[in-house]
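# Structure at a glance
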Amino acid sequence: MFSRVMVANRGEIAVRVIRAIHELGAEAVAVYSTADHDALHVRLADRAVCIGPPSASESYLRISNVIAAAETTGCEAIHPGYGFLSENPAFVRACEENDLVFVGPDADVMERMGNKARAKAEMKAAGVPLVPGTEGGASLDDVRTAAAELGFPVLLKAVSGGGGKGMRLVHGPEGLESAYSTARAEAEAAFSDASLYLEKALVPARHVEVQVLCDKDGGVLTLGERECSIQRRHQKLVEESPSPALDPETREEMEAASERACRTIGYENAGTFEFLLGADGTFHFIELNARLQVEHPVSEVVTGIDIVRQQLRIAAGQPLPVTGRAPRRGHAIEIRLNAEDPANGFAPAPGTIKRFRPPLGPGVRIDTHLEEGSTVSPYYDSLIAKLVVWAEDRPAAIARGLRALGEIELGGIPTTRELALDILRSDEFVSGEYSTSFLEEMGSRLPALAGVDAP
């Protein structure tokens, strides 16, 4: 194993990774901006290095600063967490050039999977079902032709995209040209690549993803699926495992397709295959996230496997202890708690946490970097905590989630806690009969969103 590992991130994921490093008997080195000088991840680490001012572009995203911090502290490896530099091939290459092990897939695979058109072509070669649409970057004429053949609604998506940027849902031919222009501009601004492709919009549909771990010897372990359909503007709010929509046959087909794809593309370390599940039970590949996912804890608690620990072991050259399908037990739900005001259009709500009491009891886990008196910075993502509950079955997990949400105290700033309570209490969620349109369809029927325009 490594003796010293840098965590190139902040917030709850930096805390999560530092704890895994310590449990493996290694030292953890933190990096921080001046806005995070007294953050929990800084205090938990064995060493910490300031890498710049509050702006992420001048600190957490500055590759040269991160590499210099790793070198001067004698680190052997860098764990990127999620976000920031976690899917940046240039950062992976910079690690390699400086004899630092990047905890994740290699730059070539990351680059190929980061290009959505290239990823679709490789998935097709692996026999993974795809959403019908164009291949590669499409011109406006290509888009018009494909939309006419596929039928509306259709989705315009950025070739280099992610997080909903450069994505537009188009319901008819009259809106296609303006949506194409807007999506191109957004994609250029976000990814320096204006290329778009078009897919048939599957409506209604569910968003289901499969967690994988792959070692250097070609071993593949699938950890089941996560249901991620409760979303707002393509940002997930609630995730659960297993999905209430999958039967055993479809689950095995989805996991087998993911395993096949891993071997075809030569994938290594942790990754997530994202699929759309149609109303007819068919599934279609969307993208591969070549990193640790925010929602990884639900897979951990149903399988008993520490994914971050396995990431570090794989990066150190160790084989997976088991391959195939990971055993799983019970049901898990993750609720993201964001410093946002749902009643004000989900506006970010930075400020000081004046009261924080986490929920306790059996089957409850909370991943956070918060303490009473912590400041939620306006410079970074609004995620402040992830509440994860586990129980023997789904009804018991929902009940435990409601109990834990009722017990948690987060005072001083607006949060999405009340909205999470509304979601878990809704008939649609309780029945398991919901889709990616859940929040849009529910609208003001959720008390936390009463009087608010549809998301």
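None of the values given here were measured: they were computed from a predicted structure.

Below, the discussion takes up the overall build of the protein chain. Within the protein chain, the secondary structure is distributed over 15 helices and 23 strands. Here the C-alpha atoms of the protein chain give a radius of gyration of 21 Å, agreeing with the 23 Å that 2.2 N^0.38 yields for 455 residues. Across its three principal axes, the protein chain shows a C-alpha extent of roughly 60 × 50 × 45 Å. Here the protein chain, with 455 residues, has 58% of them falling under the buried criterion. Across the protein chain, the fraction of contacts at a sequence separation of at least 24, relative to all contacts at a separation of at least 6, is 64%. When the accessible surface of the protein chain is split by element, carbon and sulfur atoms take 49% of a total near 17,600 Å². The positive charge centre, built from 46 side chains, and the negative charge centre, built from 66, are 3 Å apart in the protein chain.

With respect to topology, 3 strands assemble into an open sheet ordered 7-6-8, the strand pairing being antiparallel. A strand with exactly one partner marks an edge of an open sheet, and here the two such strands are strand 7 (168–170) and strand 8 (196–200). Taking each pair of neighbouring strands and ignoring which way they run, the sheet shows an average axis angle of 25°. Sheet topology places strand 6 (residues 154–158) next to strand 7; 3 bridges connect them, and they run antiparallel. Among the inter-strand pairings, Val154 is bridged to a residue of strand 7, identified as Val170. The strands touched by helix 7 (residues 140–150) are strand 6 and strand 8; relative to strand 8, the strand with the most contacts, the crossing angle is about 5°.

This part covers the pairing of strand 8. With respect to burial, strand 8 is a largely interior element, 5 of its 5 residues being buried. Two elements, strand 6 and strand 8, share 5 bridges in a ladder whose sense is antiparallel. Looking at the pairing, Leu155 lines up with Glu199 of strand 8.

Tracing the chain through its elements places Lys116 in helix 6 (residues 116–125). Exposure remark for Lys116: the relative accessible area of 8% places this residue in the buried category. A distance of 3.5 Å separates the side chain of Lys116 from the side chain of Glu287, its partner in a polar contact. Leaving out residues up to four positions away in the same chain, Lys116 has contacts with Ala158, Val159, Ser160, Gly161, Tyr197 and Glu287.

Strand order in this open sheet of 5 strands is 3-2-1-4-5, and the pairing throughout is parallel. Edge strands, defined here as strands with exactly one partner in the open sheet, are strand 3 (47–52) and strand 5 (101–102). As paired strands, strand 2 (residues 27–33) and strand 3 are joined by 5 bridges and run parallel to one another. Each residue of the ladder has a partner; that of Val31, found in strand 3, is Val49.

Another aspect to go through is the environment of Pro129. Mapped onto the elements, Pro129 comes out in the loop between helix 6 and helix 7. When the C-alpha positions of Pro129 and Gly411 are compared, they lie 46 Å apart, and in sequence the two are 282 residues distant. Not counting chain neighbours up to four residues away, the residues in contact with Pro129 comprise Phe283, His284 and Phe285.

For the rest of this paragraph, the subject is the packing of aromatic side chains. This model, assessed by the stated rule, comprises 9 aromatic pairs. Plain terms: the ring middles of Phe275 and Phe283 are 5.4 Å apart, the flat faces sit at 85° to each other, and that makes the pair edge-to-face. Among the residues examined, Phe283 registers a relative accessible area of 7% and is labelled buried. Aromatic side chains Tyr379 and Tyr380 sit 6.1 Å apart centroid to centroid with 55° between the ring planes, which places their arrangement in the tilted category.

A few words on the pattern of salt bridges. Within the structure shown, the criterion is met by 42 salt bridges. Among the ionic pairs, Arg4 bridges to Glu27, the shortest N-O distance being 2.8 Å. One end of the pair, Arg4, is in strand 1 (residues 4–7); the other, Glu27, is in strand 2, with 23 residues separating them in the sequence. Exposure remark for Glu27: the relative accessible area of 30% places this residue in the partly exposed category. Among the ionic pairs, Arg355 bridges to Glu372, the shortest N-O distance being 3.2 Å. Taken together, the residues Arg355 in strand 19 (residues 355–357) and Glu372 in the loop between strand 20 (364–368) and strand 21 (375–376) connect sequence positions 17 residues apart.

To continue, consider the state of the cysteines. Evaluated as defined, the whole model comprises 0 disulfides. Not part of a disulfide, Cys95 finds its nearest cysteine sulfur in Cys75, a span of 11 Å. Residue Cys95 is classed as buried on the basis of its relative accessible area, which comes to 0%.

Put simply, Val203 and Pro204 share a cis peptide bond, and its omega is -5°. Look at the link from Ser241 to Pro242: it is a cis peptide, with omega at 0°. With a phi angle near 45°, Phe84 is a residue other than glycine that sits in the positive phi range. Of note in the backbone geometry, Phe346 takes a positive phi value of approximately 60° without being a glycine. Mapped onto the secondary structure, Phe346 falls in the loop between strand 16 (340–341) and strand 17 (347–348). The exposure class of Phe346 is buried, given its relative accessible area of 6%.

Cut-offs and rules
- Residues numbered from 1 in each chain as written.
- Predicted model: local features only at pLDDT ≥ 70, side-chain atom pairs only at ≥ 80, totals over all residues.
- Heavy atoms only, no water.
- Helix = DSSP H or I, 4+ residues; strand = E, 2+ residues; numbered from the N terminus.
- Rg over C-alpha atoms; globule rule 2.2 N^0.38 Å.
- Buried < 20%, exposed > 50% of the residue type's maximum accessible area, 1.4 Å probe, protein only.
- Contact = heavy atoms within 4.5 Å.
- Areas by Shrake-Rupley, 256 points an atom, 1.4 Å probe, with all protein chains shown as cover.
- Lys, Arg positive; Asp, Glu negative; His and termini not counted.
- Charge placed at Lys NZ, Arg CZ, Asp CG, Glu CD.
- Pairing = 2+ DSSP bridges.
- Axes fitted to C-alpha atoms, helices over the stretch in contact; angles between N-to-C directions.
- Polar contact = N/O pair within 3.5 Å; in protein donor to acceptor, adjacent residues only side chain to side chain.
- Phe/Tyr/Trp six-rings, centres within 6.5 Å; stacked < 30°, edge-to-face > 60°.
- Salt bridge = Lys/Arg side-chain N within 4 Å of Asp/Glu carboxyl O.
- Disulfide = S-S within 2.5 Å.

Note that every value here comes from positions in space, so none of it alone points to a role or purpose.
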